[in-house]
Amino acid sequence: PYGRATPFAWLLCYTFWNAMFVVDYSPGMTLQDILFWAMMYIFQFLDEEPMTVEYYFAYARPIQLAVYIATGCWSGIIPYFFQTPSLAMCLPLPVNDHPYFLFLCQANLLLSIYCTIRACMACIRGPPQMPQQRRLTMVPPDRRSTIQARPAGSVELSVR
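Residues numbered from 1 in each chain as written. Predicted model: local features only at pLDDT ≥ 70, side-chain atom pairs only at ≥ 80, totals over all residues. Heavy atoms only, no water.

Draft legend 1. Spatial organisation of the nonpolar core. Core analysis: the biggest nonpolar cluster contains ten residues, these being L11, Y14, F36, W37, M40, M51, V53, Y56, F57 and A60. Looking at this core, the elements that each hand over two or more residues are α1 (8-23), α2 (31-46) and α3 (57-75). With three residues, the single largest contributor to this core is α2. Not counting the four nearest positions on each side in its chain, A60 is found in contact with F36, M39, M40 and F43. (Core = buried A, V, L, I, M, F, W, Y, C linked by side-chain atoms within 4.5 Å. Buried < 20%, exposed > 50% of the residue type's maximum accessible area, 1.4 Å probe, protein only. Helix = DSSP H or I, 4+ residues; strand = E, 2+ residues; numbered from the N terminus. Contact = heavy atoms within 4.5 Å.)

Next comes the structure, spelled out in structure tokens:
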């Protein structure tokens, strides 16, 4: 019902790229990556007919990023926060000059090339020809639970 999902491997690439992009400025900013994954799993949990987690990226990321930016902007007017020295000055993280981070970026590049090849294959063959992948995040239909409210104010939990 949600159309085609963002591929799971691409989400991993995007998460790593975004974390590496902001970690040089402040390692705390990588919290936004953790939060959008959490929000995708929350959306999956709350959905009446849960899909694999990548279906919720297009919904979770804009909401989470807007909330993150809004709270970041509001905290910028509170003196306690804007007068604090940045973490880059207190504890610099050598993201741009350490071989470990270079290795991680090269591994992410290989994964992104794989994602690009898969996307090109989908364009050439057509999306229905691509193999369907079921993941552990997919909730089987026989394990879904429902909560029903009764008129008397009681709640009934049933598992189908």
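Draft legend 2. Spatial organisation of a nonpolar patch on the surface. Taken together, the side chains of W74, I77, I78, Y80 and F81 make up a nonpolar region of the molecular surface, amounting to roughly 640 Å² of accessible area. By the element assignment, F81 lies in helix α4 (residues 79-82). (Patch = residues over 30% accessible without salt bridge, like charges linked within 9 Å, V, L, I, M, F, W, Y side chains within 5 Å. Areas by Shrake-Rupley, 256 points an atom, 1.4 Å probe, with all protein chains shown as cover. Salt bridge = Lys/Arg side-chain N within 4 Å of Asp/Glu carboxyl O.)

Draft legend 3. The environment of E54, seen in detail. Inspection of the secondary structure assignment puts E54 in the loop between α2 and α3. C-alpha separation for the pair E54 and F8, spaced 46 residues apart in sequence, amounts to 5.7 Å.

Draft legend 4. Up close: the environment of L104. By the secondary structure assignment, L104 is in helix α6 (residues 99-125). With 87 residues separating them in the primary sequence, L104 and W17 have C-alpha atoms 9.8 Å apart.

Draft legend 5. Layout of the packing of aromatic side chains. Following the criterion strictly, the structure yields nine aromatic pairs and no others. A ring pair is formed by F36 and F57, whose centres lie 5.6 Å apart and whose planes are at 70°; its orientation type is edge-to-face. Remark: F57 occurs in helix α3 and F36 occurs in helix α2; sequence separation between them is 21 residues. In this structure, F36 and F57 share a single accessibility class: buried. By way of ring pairs, the aromatic residues F8, W10, Y14, W17, F21, F36, W37 and F57 are connected into one cluster. (Phe/Tyr/Trp six-rings, centres within 6.5 Å; stacked < 30°, edge-to-face > 60°.)

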